[in-house]
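As a plain string of letters, each chain reads:
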Amino acid sequence: KAGVTQTPRYLIKTRGQQVTLSCSPISGHRSVSWYQQTPGQGLQFLFEYFSETQRNKGNFPGRFSGRQFSNSRSEMNVSTLELGDSALYLCASSLGALSSWDTQYFGPGTRLTVL
Amino acid sequence: QKEVEQNSGPLSVPEGAIASLNCTYSDRGSQSFFWYRQYSGKSPELIMSIYSNGDKEDGRFTAQLNKASQYVSLLIRDSQPSDSATYLCASGGADGLTFGKGTHLIIQP
């Protein structure tokens, strides 16, 4: 079974621009969660989507948004990029919602650099 | 604010010895706990999950949970150089996973 895939793998943007990242979950998985990983803050939860609905949201500004499509694929958008948004963005999929404690499987991540 | 605390290390262990990794969590409402391994430049990979007090063993790995002390540990027996990585502890609730910043483990040949 194919794993979680993320595109693109690397991205360079400038301050003020916006970016869209894509995540395709493992086939059959309905929950997709997004995380930001930085050396200083570690791995931080952004939000979870399940059945096209945002179920949970971490402590991030409204510039970070996402959506999920009927095939469970998810996109994350960051508007008005700031230097501090440079990070590894990871998505993880699971069969059920986070509240079901199903195992989360991580994708390879998208490395975003903001100049 | 929910927090998961881990010693950042590095923790250096001789090959063949037992590596002991620890974490504490702040949210008493957490119901699930996970250990992920992350190699440099790679994404996290689930090693163990544990939901109830006590020990859970899987091969060379044993996870231990003590909810009263809000403490989770991971023991790695017969440590191998391939175990060298950063180990992330996470606690889970209905609103998502909270990760520690990880412990960098080095297995010395």
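Above this text you will find the structure in question.
In this text the structure is predicted, and so the values were computed from the model without any measurement. (Residues numbered from 1 in each chain as written. Chains lettered and ligands numbered in written order. Predicted model: local features only at pLDDT ≥ 70, side-chain atom pairs only at ≥ 80, totals over all residues. Heavy atoms only, no water.)

Caption draft 1: Structural detail: the overall build of chain A. Looking only at helices and strands, chain A features zero helices and eleven strands. Ordered by position in the sequence, the α and β elements of chain A form the string β-β-β-β-β-β-β-β-β-β-β. Here the C-alpha atoms of chain A give a radius of gyration of 13 Å, agreeing with the 13 Å that 2.2 N^0.38 yields for 115 residues. With the C-alpha coordinates of chain A rotated into their principal frame, the extents come out at 35 × 25 × 25 Å. The buried share of chain A, taken over its 115 residues, is 50%. Look at the contacts in chain A between residues 6 or more apart in sequence, and 56% of them connect residues 24 or more apart. A total accessible area of about 5,300 Å² is found for chain A, and carbon and sulfur atoms account for 49% of it. (Helix = DSSP H or I, 4+ residues; strand = E, 2+ residues; numbered from the N terminus. Rg over C-alpha atoms; globule rule 2.2 N^0.38 Å. Buried < 20%, exposed > 50% of the residue type's maximum accessible area, 1.4 Å probe, protein only. Contact = heavy atoms within 4.5 Å. Areas by Shrake-Rupley, 256 points an atom, 1.4 Å probe, with all protein chains shown as cover.)

Caption draft 2: Seen up close, the state of the cysteines. In total, this model carries two disulfides over all chains according to the counting rule given. Residue Cys23 of chain A pairs covalently with Cys91 of chain A via a disulfide, S to S 1.8 Å. What sets the handedness of the Cys23 of chain A and Cys91 of chain A disulfide is the S-S torsion sign, and at about 60° it is right-handed. Of this pair, Cys23 of chain A sits in strand E3 (residues 19-24) while Cys91 of chain A sits in strand E9 (residues 87-94), and the two are 68 residues apart along the sequence. Given the relative accessible area of 0%, Cys23 of chain A is considered buried. Disulfide partner of Cys23 of chain B: Cys89 of chain B, at an S-S distance of 2.0 Å. Residue Cys23 of chain B is located in strand E3 (residues 19-25), and its partner Cys89 of chain B is located in strand E9 (residues 85-93); the two are separated by 66 residues in the primary sequence. Residue classification places Cys89 of chain B among the buried positions, given a relative accessible area of 1%. (Disulfide = S-S within 2.5 Å.)

Caption draft 3: Local environment of the nonpolar core. Grouped together as the largest cluster of nonpolar side chains are 22 residues, with contacts concentrated most on Trp35, Val72, Leu74, Ile76, Tyr87 and Leu105 of chain B. Residue assignment for this core shows that the elements contributing at least two residues are E3, strand E4 (32-38), strand E5 (45-50), strand E7 (61-66), strand E8 (71-76), E9 and strand E11 (103-108) of chain B. Top element by residues in this core is E3 of chain B. It accounts for four residues. Counting 21 residues, the second largest nonpolar core, distinct from the first, contains Cys23, Val32, Leu46 and Cys91 of chain A. (Core = buried A, V, L, I, M, F, W, Y, C linked by side-chain atoms within 4.5 Å.)

Caption draft 4: Local environment of the interface of chain B and chain A. The interface is formed by 17 residues belonging to chain B together with 17 residues belonging to chain A. When residues of chain B are sorted by the area they lose upon contact with chain A, Leu97, Phe99 and Lys101 of chain B head the list and together hold 27% of the total. At the junction of chain B with chain A, the criterion picks out zero salt bridges. Taken together, the connections running from chain B to chain A amount to four residue pairs in polar contact (both at pLDDT 80 or more). Those elements that place two or more of their residues in the side of chain B that touches chain A are E4, E9 and strand E10 (96-99) of chain B. (Buried area = accessible area lost by both parts, 1.4 Å probe. Salt bridge = Lys/Arg side-chain N within 4 Å of Asp/Glu carboxyl O. Polar contact = N/O pair within 3.5 Å; in protein donor to acceptor, adjacent residues only side chain to side chain.)

Caption draft 5: Fine view of the pairing of E3 of chain A. All names here are of chain A. With three bridges connecting them, strand E1 (residues 5-7) and E3 associate as antiparallel partners. Across the sheet, the residue bridging to Thr5 is Ser24, located in E3. Both E3 and strand E8 (residues 74-78) contribute to a ladder of five bridges, which runs antiparallel. From the neighbouring strand, Cys23 faces E8, where its bridge partner is Ser74. (Pairing = 2+ DSSP bridges.)

Caption draft 6: Structural context of the sheet that holds E8 of chain A. Residue and element names in this part refer to chain A. Pairing in this open sheet of four strands is antiparallel, and the strands run E1-E3-E8-E7 from one edge to the other. Single-partner strands in this sheet number two, and they are E1 and strand E7 (64-68). Ignoring strand direction, the axes of neighbouring strands in this sheet form an average angle of 20°. (Axes fitted to C-alpha atoms, helices over the stretch in contact; angles between N-to-C directions.)

Caption draft 7: Molecular detail of the packing of aromatic side chains. For the coordinates displayed, the defined rule picks out eleven aromatic pairs over all chains. Ring geometry for Phe34 of chain B against Tyr51 of chain B: centres 6.1 Å apart, planes inclined by 85°, an arrangement best described as edge-to-face. Placement of Phe34 of chain B in strand E4 and of Tyr51 of chain B in the loop between E5 and strand E6 (54-58) is noted, with a sequence separation of 17 residues between them. Exposure remark for Phe34 of chain B: the relative accessible area of 3% places this residue in the buried category. Put simply, the rings of Tyr35, Phe45 and Phe106 of chain A together with Phe34, Tyr36, Tyr51 and Phe99 of chain B pair up and form one aromatic cluster. (Phe/Tyr/Trp six-rings, centres within 6.5 Å; stacked < 30°, edge-to-face > 60°.)

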